[in-house]
Amino acid sequence: MSRYFLDARRLAKRFPQPGSEPLTVFEDVSFGLDQGEFVCIIGHSGCGKSTILNALAGLDSFSEGTLEMAGKEVAGPSLERGVVFQNYSLLPWLSALENVEFGVRARFPQWSKEQRRAHSRKYLEMVGLGGSEARKPAQLSGGMRQRVSIARAFATQPQLLLLDEPFGALDALTRGVIQDELIKIWSATKQTVFMITHDVDEAILLSDRILLMTNGPQARIAESVRIDLPRPRQRDQVIHHPAYYRIRNHLVDFLVNRSLELRGRTVTDEQGFPPDINPALDESAAAARVVPLTPVKEFHHG
Amino acid sequence: MKASISLRAAILSALLLVLLLAIWEVLCRVPASAAVSADDEYALLMGEAEQEARVPPPSVVLAHAYAELSQPFYDNGPNDKGIGIQLAHSLYRVLTGYLLAALVAIPVGFVIGMSPLMYRALNPFIQILRPISPLAWMPLALFVIKDSQTSAIFVIFICSVWPMLLNTAFGVAGVRRDWINVARTHELSPLRTAFSVILPAAMPTILTGMRISVGIAWLVIVAAEMLVGGTGIGYYVWNEWNNLNLASVIFSILMIGVVGMLLDLLLGSVARLVSYQE
């Protein structure tokens, strides 16, 4: 019955309000992820992205709708869905290596101590932290902590990886370095990834597809934008691709103008799925709608 | 030229100590020069010697301390035991009562911290039982238990249970949601979550409670032993008072302070082992 590996249909989140209509954060949200796909979701604060991600993780729940992964309903947290939290969520009393081992031990309880250690070490080295394995999180910089967190999630080899705005708290330079690490580790493992971000360039660099959400309340996923750029992508080269600014303009235009205009409107098909858009092909539309390059900062949380 | 602050503090402490001892010594010696009798013993017999008992000067106390500490474990019968034996009795009671309290308080505190329902259900009991002076339990304990030694241990138990219970509950309830979520996304069983996430996260707070408890237990044991008698440092202080041996009283007061400090240092170093930086 399911069309996608991860299949979300008509999801909605409503909060009951005493004495008035319940507050609808989002509704009619349908989307699908294929196996091995890297999908980012962008939207302004308050549109419910984090709720969607937390519900995918099994830490939160929807008011309506169905959510299935590999044909099975998602109910509660599972090791098949690994999470990288925005605030890293490392256990401060464990060293970097022990934090990765914590995940590995939960995932592969039958392994010997040596096996777990070797496996964890491999993933720490993949994110470039080979020399810092004995350090506690408090002795690591923010970027290094987030790498440990990424290593922990990848080391458990889940079927789906959920990244909740993982680079939101990092400075631009560190962010770039870790994006590269993420591309590297993703290319090596071919995980299915679902990621929240506020950064348009980051989303283009990493994604196969970007889901665009309208503003809340009553937010919806209005478009599914295909990022038709060749892989492997490199930060300094991808920006010179002819389609890059067409895609970027399309995304910025959505965030600046249409995310508000489309609020509460039905733009989806009868299943709730958003239209598939490929700005790289749509030359005329993009040319007609060149938007001045708004600073990306505008879309960040306060 | 500039010595470290700890060295300077140590010098200052030593100076203060010498100064205080000197003042004490001088104050105690002033009247001694007033009346010099040719025959002290005769004067004493005739009641002409000083009527007033005096606080012994530090030199006497130190001499007494030296004598006691060079032979801490002698045993010349029920009322004449070395300071080491007395302290050992007190420590035995304190540690037994304290460890029993930890065995009860930490698991119960864990449950209270995890469950808002249990917290609300047990809170009235805790609030009523906690302010009761531990010595108030003594008559009831003696009647029910019918053994003074065990009653003293019970009093220690009841006074050390509360800080550990409340701190454990507080520490467990305050474990960051993120860490619990890490445990949940890794599908840890409730028991594994308790031992591998909540316990290490709450450990510094629990240790704070344990440290407060051992301090209180050591305060209470002196009073408890004055009541139950027989052995222990509290009994020793009271017995020496009855003997009017003030040098011994002062010496044992100091020993109570020293042992209390050592207990606190011990738990302090355990606390450092389990502490973490966020």
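Residues numbered from 1 in each chain as written. Chains lettered and ligands numbered in written order. Predicted model: local features only at pLDDT ≥ 70, side-chain atom pairs only at ≥ 80, totals over all residues.

- With an unreviewed UniProt entry as reference, chain B is termed Nitrate/nitrite transport system permease protein, source organism Ectopseudomonas chengduensis.
- Quoted verbatim from the Sequence similarities (unreviewed entry) heading of the UniProt record, the comment on chain B is "Belongs to the binding-protein-dependent transport system permease family." (UniProt positions renumbered as here; feature names shortened; annotations may be inferred.)

- Naming follows an unreviewed UniProt entry, where chain A appears as ABC transporter/ATPase component protein of Ectopseudomonas oleovorans.
- The UniProt entry for chain A carries the following text under Sequence similarities (unreviewed entry): "Belongs to the ABC transporter superfamily."

**Observations regarding the overall build of chain B**
- Check the secondary structure of chain B and you find eleven helices and zero strands.
- Helices (α) and strands (β) of chain B occur, in sequence order from the N terminus, as α-α-α-α-α-α-α-α-α-α-α.
- The globule rule puts the C-alpha radius of gyration for 278 residues at 19 Å, and the 25 Å found for chain B is more than 25% above it.
- Its C-alpha atoms give chain B principal-axis dimensions of about 90 × 65 × 30 Å.
- Across the 278 residues of chain B, 30% fall into the buried class.
- A separation threshold of at least 6 residues defines the contact pool for chain B, and within that pool the share at least 24 residues apart is 72%. (Helix = DSSP H or I, 4+ residues; strand = E, 2+ residues; numbered from the N terminus. Rg over C-alpha atoms; globule rule 2.2 N^0.38 Å. Buried ≥ 20, exposed ≤ 12 C-beta atoms within 10 Å, placed from the backbone. Contact = placed C-beta atoms within 7 Å.)

**Overview of the sheet that holds strand β10 (residues 221-226) of chain A**
All names here are of chain A.
- One open sheet accounts for seven strands, arranged β6-β7-β8-β3-β9-β10-β11; its pairing is mixed. For this open sheet the edge positions go to β6 (81-84) and β11 (276-277), each flanked by a neighbour on one side alone.
- Pairing between β10 and β11: two bridges, direction parallel. When the bridges of β11 are listed, valine 225 appears paired with isoleucine 277.
- Contacts between helix α4 (residues 142-155) and the sheet are confined to β6 and β7 (160-164), with β6 contributing the most and set at about 180° to the helix. (Pairing = 2+ DSSP bridges. Axes fitted to C-alpha atoms, helices over the stretch in contact; angles between N-to-C directions.)

**Quick word on the interface of chain A and chain B**
- Taken together, the contact between chain A and chain B spans 17 residues of the former and 14 residues of the latter.
- Elements supplying a minimum of two residues to the side of chain A that touches chain B: β6 and α2 (96-107) of chain A.
- Across the side of chain A that touches chain B, the residue classes break down as eleven nonpolar, five polar and one charged. (Nonpolar A, V, L, I, M, F, W, Y, C, P; charged D, E, K, R; others polar.)

**Description of the packing of helix α7 (residues 148-173) of chain B against helix α9 (residues 190-228) of chain B**
Residue and element names in this part refer to chain B.
- Packing of α7 against α9 leaves a shortest axis separation of 7 Å and a crossing angle of 155°. One element, α7, and the other, α9, form an angle in the roughly antiparallel class. Considering how the two elements wind past one another, α7 and α9 form a crossing that is right-handed.
- Among the residues forming the contact of α7 with α9, the class breakdown is 21 nonpolar, ten polar and one charged. (Parallel < 35°, antiparallel > 145°, perpendicular 65-115°, else oblique. Left-handed = near helix turned anticlockwise from the far one by under 90°.)

**Remarks on helix α5 (residues 116-129) of chain B**
- With 14 residues, α5 of chain B should reach 20 Å at 1.5 Å per residue; the first-to-last C-alpha distance of 20 Å fits that figure.
- Along α5 of chain B, the sharpest kink reaches roughly 40°, centred on leucine 122 of chain B and followed within four residues by the proline proline 124 of chain B. (Expected span 1.5 Å × (residues − 1). Bend = angle between axes of the 7 residues up to and from the residue.)

**With respect to the UniProt feature "domain: ABC transporter" (unreviewed entry) in chain A**
- Feature annotation in UniProt places "domain: ABC transporter" (unreviewed entry) on residues 6-240 of chain A, given in this structure's numbering.
- What you have in residues 6-240 of chain A is 33% helix and 27% strand, and the ends, taken at the C-alpha atoms, are 33 Å apart.

**A few points about the domain arrangement of chain A**
All names here are of chain A.
- What the domain assignment lists for chain A is domain 1 (6-80 + 162-167 + 191-299) and domain 2 (82-157).
- Domain 1 and domain 2 are separated by 28 Å when their C-alpha centres are compared.
- If you look at the interface, domain 1 gives nine residues, while domain 2 gives eleven residues.
- Ranked by residue count, the leading element in the side of domain 1 that touches domain 2 is β7, at three residues.
- By residue class, the composition of the side of domain 1 that touches domain 2 is six nonpolar, one polar and two charged. (Domains from an automatic or database assignment.)

**Topic: the UniProt feature "transmembrane region" (unreviewed entry) in chain B**
All names here are of chain B.
- As annotated by UniProt and renumbered to match this structure, "transmembrane region" (unreviewed entry) occupies residues 98-119, 151-175, 216-238 and 244-267.
- Regarding residues 98-119, the helix share stands at 95% and the strand share at 0%, and the terminal C-alpha atoms are separated by 23 Å.
- The span residues 244-267 carries 92% helix and 0% strand; its end-to-end C-alpha distance comes to 36 Å.

**Regarding unusual backbone geometry**
- The linkage connecting arginine 231 of chain A with the following residue, proline 232 of chain A, adopts the cis geometry, with an omega of -5°.
- Even without being a glycine, glutamine 218 of chain A presents a positive backbone phi close to 60°.
- Following the sequence through the fold, glutamine 218 of chain A ends up in the loop between β9 (209-213) and β10.
- For glutamine 218 of chain A, a count of 19 C-beta atoms within 10 Å gives the class partly exposed.
- Within the chain, lysine 146 of chain B stands out as a residue other than glycine whose phi angle is a positive 60°.
- Looking at the element boundaries, lysine 146 of chain B is found in the loop between α6 (138-145) and α7.

**Notes on the pairing of strand β1 (residues 6-17) of chain A**
Residues and elements named next belong to chain A.
- Examined bridge by bridge, β1 and strand β4 (residues 64-69) share five bridges and lie antiparallel to one another. Across the sheet, the residue bridging to arginine 9 is threonine 66, located in β4.
- Relative to strand β2 (residues 20-33), β1 runs antiparallel, the two being bridged by eight bridges. Paired with leucine 11 across the strands is valine 29, a residue of β2.
- Linkage of β1 to β2, two consecutive antiparallel strands, is achieved through a turn of two residues, within which glycine 19 is found at a positive phi near 80°.

**Some points on the environment of tyrosine 98 of chain B**
Residues and elements named next belong to chain B.
- Counting through the fold element by element, tyrosine 98 comes out in helix α4 (residues 83-114).
- Considering only alpha carbons, one finds tyrosine 98 and alanine 169, 71 residues apart in sequence, at a separation of 18 Å.
- Aside from chain neighbours lying at most four places away, what touches tyrosine 98 is Ile156, Ser160, Ser213, Val214 and Ala217.

**Side note on the sheet that holds strand β5 (residues 72-73) of chain A**
- The strand order across the open sheet formed by four strands is β2-β1-β4-β5 (chain A), and the pairing between neighbours is antiparallel. Only two strands of the sheet have a single neighbouring strand rather than two, namely β2 and β5 of chain A.

**Regarding the pairing of β6 of chain A**
Residues and elements named next belong to chain A.
- Side chains of β6 alternate between two faces, with Arg81 and Val83 and Gly82 and Val84 buried alike.
- Examined bridge by bridge, β6 and β7 share four bridges and lie parallel to one another. Paired with valine 83 across the two strands is leucine 162, which belongs to β7.

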